[in-house]
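Report on the structure
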Amino acid sequence: MIGMDIKQAKAMFFDPKKVIDAAERATQKVLSKFGAFVRQTARGSIRSGKKPAAPGRPPHSHTGLLKRFIFFGYDRQRKSVVIGPAKLNARSSDTAPEALEYGGDTKVIAGSRRRGRVVKKVSIESRPFMGPAFAKEQPKLPAMWRDSVK
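Everything quoted here is computed from the prediction, not taken from an experiment.

Moving on: the nonpolar core. If you look at the biggest cluster of nonpolar residues, it comprises 18 residues, and the most contacted ones within it are Phe34, Ile70, Phe129 and Met130. Among the elements of the structure, α2 (16-45), β3 (70-75), α4 (96-102), α5 (130-137) and α6 (141-145) are those that each provide at least two residues to this core. With five residues, α2 is the largest single contributor of residues to this core. Apart from the residues within four sequence positions on either side, Met130 is in contact with Val38, Ala42, Ile70, Ile83, Gly84, Pro85 and Glu101.

On to the packing of aromatic side chains. One pass over the structure, following the stated rule, counts two aromatic pairs. Note on Phe34 and Phe134: the rings are 5.4 Å apart at their centroids and 85° apart in plane angle, and the pair reads as edge-to-face. One end of the pair, Phe34, is in helix α2; the other, Phe134, is in helix α5, and 100 residues separate them in sequence. Residue Phe134 is classed as partly exposed on the basis of its relative accessible area of 36%. Aromatic side chains Phe69 and Phe71 sit 6.0 Å apart centroid to centroid with 85° between the ring planes, which places their arrangement in the edge-to-face category. For Phe71, a relative accessible area of 37% translates into the label partly exposed.

Before going further, it helps to examine the packing of α2 against α5. At a closest axis distance of 8 Å, the pairing of α2 and α5 adopts a crossing angle of 130°. Classified by the interaxial angle, the pair formed by α2 and α5 is oblique. The interaxial crossing formed by α2 with α5 has right-handed handedness. Residue-level inspection shows Phe34, Phe37, Val38, Thr41 and Ala42 of α2 in contact with α5, the latter providing Met130, Ala133, Phe134, Lys136 and Glu137. Residue composition of the contact of α2 with α5, grouped by class: seven nonpolar, one polar and two charged.

Turning our eyes to something else, we now look at the side chain of Thr41. Mapped onto the elements, Thr41 comes out in helix α2. Residues in contact with Thr41, not counting those within four places in the same chain, are Ala133, Lys136 and Glu137.

A few words on the pairing of strand β4 (residues 80-85). Two strands pair when backbone bridges link them, and β3 and β4 are joined in this way by six bridges, in the antiparallel orientation. The residue bridging Phe71 from the neighbouring strand is Gly84, located in β4. Between β3 and β4, which pair antiparallel in sequence order, lie four residues; one of them, Lys79, sits at a positive phi of approximately 50°.

Here the focus is unusual backbone geometry. Apart from glycine, the bulk of residues carry a negative phi angle, and the bulk of peptide bonds sit in the trans form. Look at Lys79: it is not a glycine, yet its phi comes out positive at around 50°. Mapped onto the fold, Lys79 is located in the loop between β3 and β4. Among the residues examined, Lys79 registers a relative accessible area of 41% and is labelled partly exposed. Phi at Asp147 is positive, roughly 60°, even though this residue is not glycine. Asp147 gets classed as exposed once you look at its relative accessible area, which sits at 62%.

Further remarks concern the environment of Arg57. Along the chain, the position of Arg57 falls in the loop between β1 (47-48) and β2 (60-61). Residue classification places Arg57 among the exposed residues on the basis of a relative accessible area of 55%. Sequence spacing of Arg57 and Glu101 is 44 residues, and the spatial spacing of their C-alpha atoms is 9.9 Å. Excluding its chain neighbours within four sequence positions, the residues that come into contact with Arg57 are Arg127 and Pro128.

How each quantity is defined
- Residues numbered from 1 in each chain as written.
- Predicted model: local features only at pLDDT ≥ 70, side-chain atom pairs only at ≥ 80, totals over all residues.
- Heavy atoms only, no water.
- Core = buried A, V, L, I, M, F, W, Y, C linked by side-chain atoms within 4.5 Å.
- Buried < 20%, exposed > 50% of the residue type's maximum accessible area, 1.4 Å probe, protein only.
- Helix = DSSP H or I, 4+ residues; strand = E, 2+ residues; numbered from the N terminus.
- Contact = heavy atoms within 4.5 Å.
- Phe/Tyr/Trp six-rings, centres within 6.5 Å; stacked < 30°, edge-to-face > 60°.
- Axes fitted to C-alpha atoms, helices over the stretch in contact; angles between N-to-C directions.
- Parallel < 35°, antiparallel > 145°, perpendicular 65-115°, else oblique.
- Left-handed = near helix turned anticlockwise from the far one by under 90°.
- Nonpolar A, V, L, I, M, F, W, Y, C, P; charged D, E, K, R; others polar.
- Pairing = 2+ DSSP bridges.

All quantities given are derived from atomic positions and should not be read as evidence of function.
Structural data, given as C-alpha cells:
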C-alpha cells in the first residue's frame with residue numbers, strides 16, 4: 001500500500017452498488033428471456049381445431065384469442081416474471097383460461113344476438129398449456145444464468 005494514492009487503493013476493492021446494479025440487470029434480462037421462451041412454447045402448443053382438444057392435452061384454438069393473448073412481464077418489485085393469458089374484456093367469465101389449465105367451472109355465452117344470448121355454466125376438464133410449457137423450458141434456466149452478471 002506504500003506509494004499508492006486513495007484512488008488506486010479504492011480501485012482494488014469492488015463497488016457494491018455496481019455489483020448490485022449488474023445483478024439486477026442480469027436478473028431482468030434472464031427472467032425476461034425465460035418468459036419469452038415459455039410464452040412461445042405455450043403458444044406453439046395451442047393448435048387450431050373445430051372440436052375441443054382431448055382432456056389433458058393443450059386446448060384447441062377456435063378464435064385465436066387465447067393464443068394471441070399470452071404475454072409475459074417482468075415484475076421489478078418481486079424480481080420475478082409473470083407469464084400467462086391476459087384477461088380479456090369479455091362478456092362471459094374471465095375464469096376460462098384458469099378452467100382450461102386446471103379444470104373447473106366457468107360461464108360461457110351461447111346463442112346469437114338475434115335469437116338471444118344465454119349464459120351457461122359449464123364444467124371443463126383440464127387442458128393444461130402453461131404448466132407444460134414452463135416445465136419444458138425450466139431446464140434451460142441454469143444455462144441462461146451462466147455468465148449473465150457482467
